[in-house]
Amino acid sequence: MLRSAKKLTIFLVIIMVIITMVLSMTSCKSKMQTSTGLGGNTGSKEKVYKVAILLPGSVNDGGWSASAYEGLVKIEKELGCKTAFTENVKKNDQVQIMREYAKKGFDIIIGHGFEFSDALKQVSQEYPNIKFVGIGTMVTGPNLASLQFKYGELGYLTGFIAAKSTHTNKIGIITATKDPTGQIEFDTLEAIAKQVNPNVAVAISYTGSWEDIYKAKEAAIAQIGNGADVIITNNDAGNLGVIQAAKEKGVFVIGWTGDYYKHAPDNVLTSAVQKVSLLIFEGVKGFLEKGFEGKVYQLGLKEGVQYIGEYGNTVLQELKDEVKKITKDIIEGKINIEEIYKVKK
Amino acid sequence: MSNRKLISFLRIFEKDSVIESVITPIIGLIVGLLIVAIIILLQGVNPITAYQELIFGAIGTKINLFSTLLKFIPLSFTGLAVTLAYRAGVFNIGAEGQLYIGALVATWVAIKVNLPFYLPSLLALISGTIVGGFFAFIPAYLKVEKGINEVLTTILMNYVGINIMGFSVNSFLMEKGQTAPQSPLIERSAHLPIIAKLEGVHLHIGIVLVFVIAFLMHDIFWNTTWGFEIRSVSINIEASKYGGINVKKVIMIVMFVSGAIASLAGSTEVLGVQHRLMENFMIGYGYDGITVALLGGLNPLGVLVAAFFLGALRNGAYSMQIATGIPISIIYVVQAFAILSIISASALYKKFLAEN
Amino acid sequence: METLLELMGITKVFGDNVANDGVNLKIFKGEIHVLLGENGAGKTTLMNCISGLYIPNQGKIFWEGKEIQVKTPQDAVKCGIGMVHQHFMLVDNLTVLENILLSGLRKRFVFLNKKQQKREVLKLMRSYGLDVDLDAQIWQLPVGLRQRVEIIKVLYNDAKLIILDEPTAVLTPYETEELFKVLKFLTAQGRSVIFITHKLEEALRIGDRISVMRRGKIVHTFFSTNVDKNLLVRLMMGEEIEERKKKKSSKVEKDKRETILDVRDLYVKNNQGTIAVKGISLEVGKGEILGIAGVAGNGQSELVEALAGLRLAIKGKVYFKNKDITNAPPRLLRNLGIVHIPEDRHKHGMIGEFSVKENFLIGSYYRYPFSKRMRLQHEYIEEYARMWIKKYNIKVSDIRMKAKYLSGGNQQKLILARELGKFPELIIAAYPTRGLDILATKFVHEKLLEYRDKGTSIIFVSSELDELREVSDRIIVLFRGEIAGSLAAKEADNQTLGFLMAGGAPLFSERK
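Residues numbered from 1 in each chain as written. Chains lettered and ligands numbered in written order. Predicted model: local features only at pLDDT ≥ 70, side-chain atom pairs only at ≥ 80, totals over all residues. Heavy atoms only, no water.

Some thoughts on the overall build of chain B
Here's step 1: Along chain B, the regular secondary structure elements total 14 helices and two strands.
Here's step 2: In terms of overall dimensions, chain B is globule-like: its C-alpha atoms have a radius of gyration of 21 Å, near the 21 Å expected for 356 residues.
Here's step 3: Based on the C-alpha atoms only, the size of chain B along its principal axes is roughly 70 × 55 × 30 Å.
Here's step 4: Residue burial in chain B is summarised as follows: out of 356 residues, 62% are buried.
Here's step 5: Averaging the locations of the 21 positively and 17 negatively charged side chains of chain B gives two centres separated by 4 Å. (Helix = DSSP H or I, 4+ residues; strand = E, 2+ residues; numbered from the N terminus. Rg over C-alpha atoms; globule rule 2.2 N^0.38 Å. Buried < 20%, exposed > 50% of the residue type's maximum accessible area, 1.4 Å probe, protein only. Lys, Arg positive; Asp, Glu negative; His and termini not counted. Charge placed at Lys NZ, Arg CZ, Asp CG, Glu CD.)

Written as structure tokens, this is what we have:
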């Protein structure tokens, strides 16, 4: 096939390129892999726990899987566990990978996302001595727990801020799909907003996509057109489109999941921050310190895994203080959020 | 038809003899593994240890072997689908969309139909194949009637299939009271019959279906008038017309069947393994079918061998990753080198033949 | 005479088949050297060894006295050897200029200065009197001009030796004349030409020297001035060929013949969408051979394809034994007993990638006893194939061998055996002897006559007037898609036919 030296050279160059690409790829991965040090507790006689996590995406995805990896690193550093992960896990490989980790003697195996529910259930029954944890799942068993953000809390706080900030008495919500957890947040939000200001009206738009920035922006513009001057956006990548629209039209916006203050300091009121990395970290920490129960753990303001982020430039100190107080009340149990959204239902 | 050139290039992969088609993927993968051993070595890992883990993870225990077989089934189905279409001179890059849509329909039927004795699963499989076949038929129709290149249309149809499925599990097929884009669990009565059980790993009847289809296809290709028509069309459309073959009909039927086979990859996975439909439930298996088909010499029996080895590679890669830290993606490098080595070897062999 | 190229003991073996057996050959500067031989004599193989497509198993090649290694076509081009293949190596949807530049080994930069290159090519063309529209796309050109493009390509690479493989097989008589002029001009400039052919007359006309090849060996080399034609034929064939028997004309009297095929006012379009067949009406009687003459491209191919069900007629009717078969599909026609020996055997007649055995199935695979309830009956098929191979003396070592490895003559015999084996009532034979050597041509003629005498009707399209007159009972001449004249073969002579082929005007005067 390789008739002339020229062709041979081209062929070799291609091979070299492939090899270097692979090498660079594998080497950066392996650094992560081999950094499974034993942490600060190596000296003591305490057992070193082994924690493994299965990620649906890549550790470089800058989102869901990346933050889980962040949490894992924190677990290794601060809890002294030995950790491992497998990224880009396909649905039909979940069971097999969990088994492999189980066989290799891991103590805690985490499935990162609702899509691991079935696999967690199945494999946790096969290995009763190993603890299994689902993130964002609802599954439980004797050795199977789920970790969730405590819902309602952020809805309560954002609803309060929004109602205090609107001048037109119209609050808009933009999200991708109509899912029950989101619904609870927004029900709480609406209820609390009306409590603060009975004249407030809340409208929700569903964009159908978590990634489509333009769709989210269009939805925001439509909401603004209808008179909304505070928009709450829980739309992942779409949040950026909403913030863009708010900037252009000069209205307020409250971001969700990340902290969006820097994107538009004059328009962003604040952000409802949810830290997946902390959720995992705090969850595992809880298991190690307080023991493991086969139930759905809800972590929230109290554990610091979700909180109200940086305030925008326009937010008055008065409002900030009020929010601070409510946060404290929620943590101390003086405000029962569950009641609020249950009433609404 | 611009695909002609691609077809004649891919002819280098074509192996009509059973022995050749069985040996080629094995040799190709061995070469791939040898080259990758160097990369593993450069990672500071002993390739022998890594490959021991790989082999152990793939076939070391009965459970591992069963898991490998569970991967072998969908890889075979898509590989066979691609092979069938190729043998009629059509590129089915749309196996991905066909298996998604097949899985969707099968799930829907399995959930809705309430009948005894495996009837729901049978019904589900059949409706999946019909819709999957229809899904592949559309590009075939556009090709023969409007002259639209099927490579383009099948790729585009993938997105249609994936998105329809995604929409369904987010709407009418979504489990009640759930936040996740997934269907409810399929009732026991609609599961595929299990032929072997091993603590948690259930080998379903799909594996029998794979073998039946592969051997049937092999027989049809070389022993029936259909096969003669199909192979004629792939090589020389003009001569086929001259020989009294209805070329359009052959292409449309073959694509329908190809889509039907591809859909089985999805429907058997849902009915036999996962028992519920979920967004992204088996990403990339449609495209893997192309790799399997090429490694398997575009020969149905070679496809079985290639699918088994690729399945084993994938399954073993997890245990290798966990034990040695070599990332799973390394197996794609193995695959790439396997294909490259087959191209080189075939070309050299042809040159050798030409010179002697 | 100065020697340009010398071959010493070139041997090339394919499997059991010795294609070239220790060939020695000298080519002088400025000569036209004809390589004469039957199909399968090894001419093309030998040339492929020189031009780098094959590597000989043994032997040496000397170029201007120095031994050279020709491993790839590029090596050959670098030395100054250029080959014009029988099947042109042109890219159909590129322009003439682009095709020429593509082949260019010299001045190959990443960015081509097309304008400057065009000027150079034009200069080259003018200096050799070769005229082609450089901006036309290849598919738009007639065969003669495509060949000219090939020659320009070779000259563009400054070839000192130009090899032409059966260059006249696809040309009209006029185009052949033009080609000869070009070749003479090239040799006058000191370039050498190797001219491969199996046609005696041509060899004698154009060649300075003639080498006769037979069974992979060069039997003898002559100067064309002192050569005995009969000796040449004998050397070529290796046997005395008998005088062609004066054939008996059809047994059935003309007016008593039952009409088998009746074509009425047929219109057919060609690939470019223009009407190629304009209202042709003709009748073929039982046991009659109707010859169709005409310069290539006057509607013969389209007419044949329309009759064979491969091309739609846009108007008009075709009746076969009073049954309307207008635009009937090929399978129906074959079931009625109409077979077609196609013009282009690679495109239509066979599937090169299939085995010889499978090629016997084309057009009948769906019939009992070839298949039974959709299953191919391999035993029967093999037996059948072997029988016809033996009957038609087709040279095949293994029926599982791919048909593309057969020589051209054997491929044509295979098609003939397959189609005639269907015991047809009507044979549509388009250029069935094109590219065949004398013996194979004779074989085809005999078969056609044999079937005619059995009562089969035959449409026989050819561009060779002698052959048409010899085989046909009646000849019609096509000109620009219409029938320019119809006459009994007995009355036809080459002058009359030539006159009609040119549309009633002197034969070549209209062409530029």
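Looking at unusual backbone geometry
Here's step 1: Following Tyr-368 of chain C, the chain continues into Pro-369 of chain C via a peptide bond in cis, with omega recorded as 0 degrees.
Here's step 2: When you line up the elements, Pro-369 of chain C lands in the loop between α12 (356-359) and β17 (371-372).
Here's step 3: Even without glycine at this site, Leu-298 of chain B takes up a positive phi of about 50 degrees.
Here's step 4: Relative to the helices and strands, Leu-298 of chain B is located in the loop between α12 (285-295) and α13 (300-324).
Here's step 5: On the accessibility criterion, Leu-298 of chain B (1% relative accessible area) is buried.
Here's step 6: Backbone geometry places Asn-327 of chain C, a non-glycine residue, at a positive phi of 55 degrees.
Here's step 7: Here Asn-327 of chain C lies in the loop between β15 (323-324) and α10 (330-336).

Thoughts on the packing of aromatic side chains
Here's step 1: Counting across every chain of the model gives 25 aromatic pairs over all chains.
Here's step 2: Their ring planes at 85 degrees and their centres at 5.0 Å tell us that Tyr-101 of chain A and Phe-106 of chain A sit as a pair that is edge-to-face. When sorted by exposure, Tyr-101 of chain A lands in the same class as Phe-106 of chain A, which is buried.
Here's step 3: Their ring planes at 90 degrees and their centres at 5.0 Å tell us that Tyr-365 of chain C and Tyr-366 of chain C sit as a pair that is edge-to-face. Across this residue pair, the class does not change: Tyr-365 of chain C and Tyr-366 of chain C are buried. (Phe/Tyr/Trp six-rings, centres within 6.5 Å; stacked < 30°, edge-to-face > 60°.)

Focus: helix α4 (residues 114-128) of chain C
Residue and element names in this part refer to chain C.
Here's step 1: Taking 1.5 Å per residue, 15 residues should reach 21 Å; α4 reaches 21 Å between its end C-alpha atoms and fits that length.
Here's step 2: Of all the positions in α4, only Gln-117, Val-121, Leu-124, Met-125 and Tyr-128 are classed as buried. All buried residues of α4 project into a common sector of 95 degrees when viewed along the axis, lining one side. Of the residues in α4, the exposed ones pointing more than 90 degrees away from the buried face are Lys-115, Arg-119, Lys-123 and Arg-126.
Here's step 3: Looking at the buried side of α4, the elements it contacts are α3 (96-103), α5 (143-156) and α6 (173-188).
Here's step 4: Gly-129 occupies a position one or two residues after α4 and carries a positive phi of about 65 degrees. (Expected span 1.5 Å × (residues − 1). Arc of directions from axis to C-beta. Contact = heavy atoms within 4.5 Å.)

Looking at the environment of Phe-256 of chain B
Residues and elements named next belong to chain B.
Here's step 1: In this structure, Phe-256 sits in helix α11 (residues 247-274).
Here's step 2: On the accessibility criterion, Phe-256 (30% relative accessible area) is partly exposed.
Here's step 3: For Phe-256, the residues in contact, after removing those within four places along its chain, are Ile-130, Gly-133, Phe-134 and Phe-137.

Some details on the packing of helix α3 (residues 47-60) of chain B against helix α4 (residues 62-87) of chain B
Two measures define how a pair of helices packs: the angle their axes make with one another and the distance between the axes.
Residue and element names in this part refer to chain B.
Here's step 1: Where α3 meets α4, the axes come as close as 6 Å, and the angle between the chain directions of the two elements is 80 degrees. By the criterion of interaxial angle, the relationship of α3 to α4 is roughly perpendicular. Side by side, α3 and α4 meet where Phe-56, Gly-57, Ala-58, Ile-59 and Gly-60 of the first sit next to Lys-62, Asn-64, Leu-65 and Thr-68 of the second.
Here's step 2: Within the contact of α3 with α4, the residues separate by chemical class into four nonpolar, four polar and one charged. (Axes fitted to C-alpha atoms, helices over the stretch in contact; angles between N-to-C directions. Parallel < 35°, antiparallel > 145°, perpendicular 65-115°, else oblique. Nonpolar A, V, L, I, M, F, W, Y, C, P; charged D, E, K, R; others polar.)

Some details on the interface of chain A and chain B
Here's step 1: Each side of the interface is counted separately: chain A has 35 residues, and chain B has 49 residues.
Here's step 2: Here chain A packs against chain B, burying approximately 3,500 Å² in sum over the two surfaces, 62% of which is carbon and sulfur.
Here's step 3: In this assembly, chain A and chain B are joined by three salt bridges.
Here's step 4: With a closest N to O distance of 3.6 Å, Glu-53 of chain B and Lys-104 of chain A form a salt bridge.
Here's step 5: Summed over the shared surface of chain A and chain B, the number is 10 residue pairs in polar contact (both at pLDDT 80 or more). (Buried area = accessible area lost by both parts, 1.4 Å probe. Salt bridge = Lys/Arg side-chain N within 4 Å of Asp/Glu carboxyl O. Polar contact = N/O pair within 3.5 Å; in protein donor to acceptor, adjacent residues only side chain to side chain.)

Digging into the sheet that holds strand β6 (residues 81-84) of chain C
For sheets, the rule is that strands pair by backbone hydrogen bonds, running either parallel or antiparallel.
Residue and element names in this part refer to chain C.
Here's step 1: An order of β6-β7-β8-β3-β9-β10 is seen for the six strands of this open sheet, with the pairing classed as mixed. Single-partner strands in this sheet number two, and they are β6 and β10 (217-223). For this sheet the average axis-to-axis angle between neighbouring strands, irrespective of direction, equals 20 degrees.
Here's step 2: Here α5 sits on the sheet and contacts β6 and β7 (161-165); the angle it forms with β6, its principal contact strand, is near 170 degrees. (Pairing = 2+ DSSP bridges.)

Digging into the pairing of strand β4 (residues 131-135) of chain A
All names here are of chain A.
Here's step 1: Burial of β4 is extensive: four of the five residues sit out of reach of the surface.
Here's step 2: Looking at chain direction, strand β3 (residues 108-112) and β4 are connected through five bridges and run parallel. Opposite Ile-108, over in β4, you have Lys-131 as the bridge partner.
Here's step 3: This β-α-β element, β3 to helix α4 (residues 117-126) to β4, shows right-handed connectivity.
Here's step 4: The pairing of β4 with strand β5 (residues 144-149) spans four bridges and is classified as parallel. The partner of Ile-135 across the bridge, within β5, is Leu-147. (Right-handed = clockwise from strand over helix to strand, strands pointing away.)

Quick word on the environment of Asn-280 of chain B
Here's step 1: By secondary structure assignment, the location of Asn-280 of chain B is in the loop between α11 and α12.
Here's step 2: Classification of Asn-280 of chain B as partly exposed rests on a relative accessible area of 41%.
Here's step 3: In the structure, Asn-280 of chain B is positioned 99 residues away from Pro-181 of chain B in sequence and 9.9 Å away in space, judged by C-alpha atoms.
Here's step 4: If sequence neighbours within four positions are ignored, Asn-280 of chain B has contacts with Lys-91 of chain A together with Tyr-100 and Met-165 of chain B.

Some words on the nonpolar core
Here's step 1: Ranked by size, the top nonpolar core spans 189 residues in total, and within it Tyr-101 and Ile-109 of chain A, Phe-13, Leu-277 and Phe-281 of chain B together with Phe-360 and Tyr-392 of chain C carry the most contacts.
Here's step 2: Apart from residues lying up to four places away in sequence, Phe-13 of chain B is in contact with Leu-294, Gly-297, Leu-298, Ile-339, Ile-342 and Ile-343 of chain B. (Core = buried A, V, L, I, M, F, W, Y, C linked by side-chain atoms within 4.5 Å.)

Some thoughts on the pattern of salt bridges
Here's step 1: Under the defined criterion, the tally for this structure stands at 47 salt bridges over all chains.
Here's step 2: In this structure, Glu-332 of chain A and Lys-334 of chain A form a salt bridge, with 3.2 Å as the shortest nitrogen-oxygen distance.
Here's step 3: Judged by relative accessible area, Lys-334 of chain A falls into the exposed class, the value being 60%.
Here's step 4: Across the pair Lys-29 of chain C and Glu-64 of chain C runs a salt bridge, and its minimum N-O distance is 3.4 Å. Taken together, the positions of Lys-29 of chain C in the loop between β2 (17-28) and β3 (32-37) and Glu-64 of chain C in the loop between β4 (58-63) and β5 (66-68) put the pair 35 residues apart, joining distant regions of the chain.
Here's step 5: Taking relative accessible area as the criterion, Glu-64 of chain C reaches 40% and is therefore assigned partly exposed.
Here's step 6: When salt bridges with common partners are traced through the structure, they connect Glu-100, Lys-103 and Lys-104 of chain A together with Glu-53 of chain B into a single cluster.

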